[in-house]
Amino acid sequence: EDIRLQVGRTGVVTPVAELQPVSLAGSVIRHATLHNASEIARRDLRIGDTVVLEKAGEVIPAVLAAVPELRPQNSTPYQYPDRCPACSSVLVRIAGEVAYRCLNPDCPPQISRRLAHFASKSALDIASLGPQRIEQLLQSGLVRHFADIFRLTAEQLISLPRSGEKLAQRLLHGIEEAKTRPLWRLVHGLGIPHVGAETAKELARSWPSMSLLMNADEADFRQCDGIGDIVAASISQFFQNANNRKLVEELEGMGLGSTVVDAVKIIHHERFFGKNFAITGSFAQFTREELKRLIEQRGGTVRAALSGKIDFLLCGENPGSKIEEAQRTNVQIIDAQTLLAWLSGNF
């Protein structure tokens, strides 16, 4: 029915298909990813098309192809917009990337999504600060940057619609707790392009303070396990930006990033302690985060990429290319049943 452009927290603009509702694999689908402008052009997808859908990885609805014989006679090729749908800034395609980006850091959806990511469970995990509350704080003018969250007062929060003293105190408590989160969560929460949770953990292991991390250079980042040229350049560019450095210094001054590691009791387990794991595929019994926690609680480390340092590849259903690489490099491959046996001590 339409193609909507969605602006992400890093400025990447993703096209999304708006569909007539259709049942697929147990759920009703109204939206599906179109990936990027190149994919739309390659598959010649047009508004008004009847399309073939799938759930990529059995989760994410995606458009596979159009059905040309069902295409309306007045159909025309889709013209990808050249301006951001949110702030009207010119969209830019960076060399080597397929995505278009809005480079305006003040673009409203970018601000909102950056704050939501910062407060999310995978980053600072700030209780009671979800996307709806963030939107309310943005609309009220109380918050615009990460540091503003830590300046909020009870009086400001109580004055908001649908708020009250109990809700305000709950949020303030969550904000105070966020100051005790380990360094890697702060690094991840900053939203550095190409830096996910595992890369953030690797950075925190190598540079146990934000000051040390900010003053490392691109060549240093390349020495980290799983960090290549693109990611190293992205981290370096982020910390070279004067506004980013000022923000990080401000957060440090508020007490964030002073805890280096998770406050988790490590169980010395000979199968795990000092070993490096990588994970591929999906698991019926566990989420990825649960698997990482089980391994790390027993003294192991979960890394994002395969390398000469990896001892075990934990392989689930529908594994990716890591399994082929592990077979080539003789990394020991284990499955969920083996992991459960090790956890129970049956080895």
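In this text, all values refer to a predicted model and were calculated from it rather than measured experimentally.

Participant: Explain the packing of aromatic side chains here, please?
Facilitator: What characterises a pair of aromatic rings is the spacing of the ring centres plus the angle enclosed by the ring planes. Within this structure, the stated rule accounts for 10 aromatic pairs. Plain terms: the ring middles of F118 and F146 are 4.2 Å apart, the flat faces sit at 5° to each other, and that makes the pair stacked. With F118 in helix α2 (residues 108–119) and F146 in helix α4 (residues 146–149), the pair connects residues that are 28 residues apart, well separated along the chain. Given a relative accessible area of 0%, F118 falls into the buried group. For the pair F272 and F277, a centre-to-centre distance of 5.5 Å together with 20° between the ring planes defines the contact as stacked. We classify F272 as buried; its relative accessible area is 0%. Overall, the relative accessible area of 0% leaves F277 in the buried class. Taken together through their ring pairs, the aromatic side chains of F272, F277, F312 and W342 make up a single cluster.

Participant: Can you walk me through the side chain of N244 in this structure?
Facilitator: Its location among the elements puts N244 in helix α12 (residues 242–253). Among the polar contacts listed, one links the side chain of N244 to the backbone oxygen of F238, at a separation of 2.9 Å.

Participant: In this structure, what is going on with the confidence of the model for the protein? I would like to understand it.
Facilitator: Low-confidence regions, as indicated by low pLDDT, have predicted coordinates that should not be scrutinised in detail. Averaged over every residue, the pLDDT of the protein is 90; the share at 70 or more is 96%. Looking across the protein, the model is least confident in helix α13 (residues 288–297), with a mean pLDDT of 84, and most confident in α4, with 97.

The rules we used
- Residues numbered from 1 in each chain as written.
- Predicted model: local features only at pLDDT ≥ 70, side-chain atom pairs only at ≥ 80, totals over all residues.
- Heavy atoms only, no water.
- Phe/Tyr/Trp six-rings, centres within 6.5 Å; stacked < 30°, edge-to-face > 60°.
- Helix = DSSP H or I, 4+ residues; strand = E, 2+ residues; numbered from the N terminus.
- Buried < 20%, exposed > 50% of the residue type's maximum accessible area, 1.4 Å probe, protein only.
- Polar contact = N/O pair within 3.5 Å; in protein donor to acceptor, adjacent residues only side chain to side chain.
- pLDDT = per-residue confidence, 0-100.

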